[in-house]
Amino acid sequence: VAYTYMAAFAATALAKRDSARFSYGCQQPGSASRFATDRIDAVGASLDRVLVIDASCACNGDNGIGNLFGDYSMWFTVAALSD
């Protein structure tokens, strides 16, 4: 179901416009963003490495994982770029 929504959103003019802007502005050869996405693509080609985030405390009234987006993004980036 989530994939269907993502595919539908990706087909919108807004998503296509933002994707083109990102590609032009952030995916230039030699840029940090290009390096990061290339690395994520290479590492993500298999399930040899998996990032597990334990959200078991989210049901105890603590800050839910959705409220930790900045932390989650940092964890994902560090995991993706590290050996």
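Below you will find a few notes about this structure. Within any chain, residue numbers begin from 1 and follow the written order of that chain's sequence. For this predicted model, a pLDDT threshold of at least 70 governs which residues receive local features, and a threshold of 80 or more governs which side-chain atom pairs are given and counted, while totals over whole chains, interfaces and linings are taken from all residues. Values reported for side chains reflect all heavy atoms of the structure, with hydrogen atoms and water molecules removed beforehand.

**Re the overall build of the chain**
The helix count covers DSSP runs of H or I at least four residues long, the strand count covers runs of E at least two residues long, and both are numbered beginning at the N terminus. Within the chain one finds four helices and zero strands. Across the chain, helices and strands are ordered from the amino to the carboxyl terminus as α-α-α-α. Categorising residues by exposure relies on relative accessible area from a 1.4 Å probe, with only protein chains included: less than 20% of the type maximum marks a residue as buried, more than 50% marks it as exposed, and the intermediate range marks it as partly exposed. Classification of the 83 residues of the chain by burial places 8% in the buried group. Contacts between residues were defined by any pair of non-hydrogen atoms, one from each residue, lying within 4.5 Å. By sequence separation, contacts in the chain at least 24 residues apart represent 48% of the contacts at least 6 residues apart.

**What about a nonpolar patch on the surface?**
A cluster of nonpolar side chains, namely Tyr-72, Met-74, Trp-75, Phe-76 and Val-78, defines an oily patch on the protein surface of about 450 Å² accessible area. Within the fold, Met-74 resides in helix H4 (residues 69–81). Within this analysis, patches are made of residues with over 30% relative accessible area and no salt bridge. Like charges are joined at 9 Å or less; nonpolar side chains (Val, Leu, Ile, Met, Phe, Trp, Tyr) at 5 Å or less. Accessible areas in this description were obtained via Shrake-Rupley with a 1.4 Å probe; residue shielding takes into account the shown protein chains only. When a carboxyl oxygen of Asp or Glu is within 4 Å of a side-chain nitrogen of Lys or Arg, the pair counts as a salt bridge.

**Comments concerning the pattern of salt bridges**
Applying the stated rule across the entire model yields three salt bridges. Of the charged contacts in the structure, one is a salt bridge between Asp-18 and Arg-17, with a shortest N-O distance of 3.0 Å. Between Arg-34 and Asp-38 there is a salt bridge, with the nearest N and O atoms lying 3.4 Å from each other. On the criterion of helical spacing, the pair formed by Arg-34 and Asp-38 is a turn pair, its members being four residues apart in helix H3 (residues 32–43). Here the salt bridges share partners, and the residues they tie into one network are Arg-17, Asp-18 and Arg-21.

**Details of the side chain of Gln-27**
Structurally, Gln-27 is set in the loop between helix H2 (13–26) and H3. Not counting residues within four places of it along the chain, the set of residues in contact with Gln-27 comprises Phe-22, Ser-33, Arg-34 and Thr-37.

**Some remarks on the environment of Gly-44**
In this structure, Gly-44 sits in the loop between H3 and H4. Looking at Gly-44, the relative accessible area reads 55%, which means it is exposed. The spatial distance from the C-alpha of Gly-44 to the C-alpha of Ala-80 is 8.2 Å, given a sequence separation of 36 residues.

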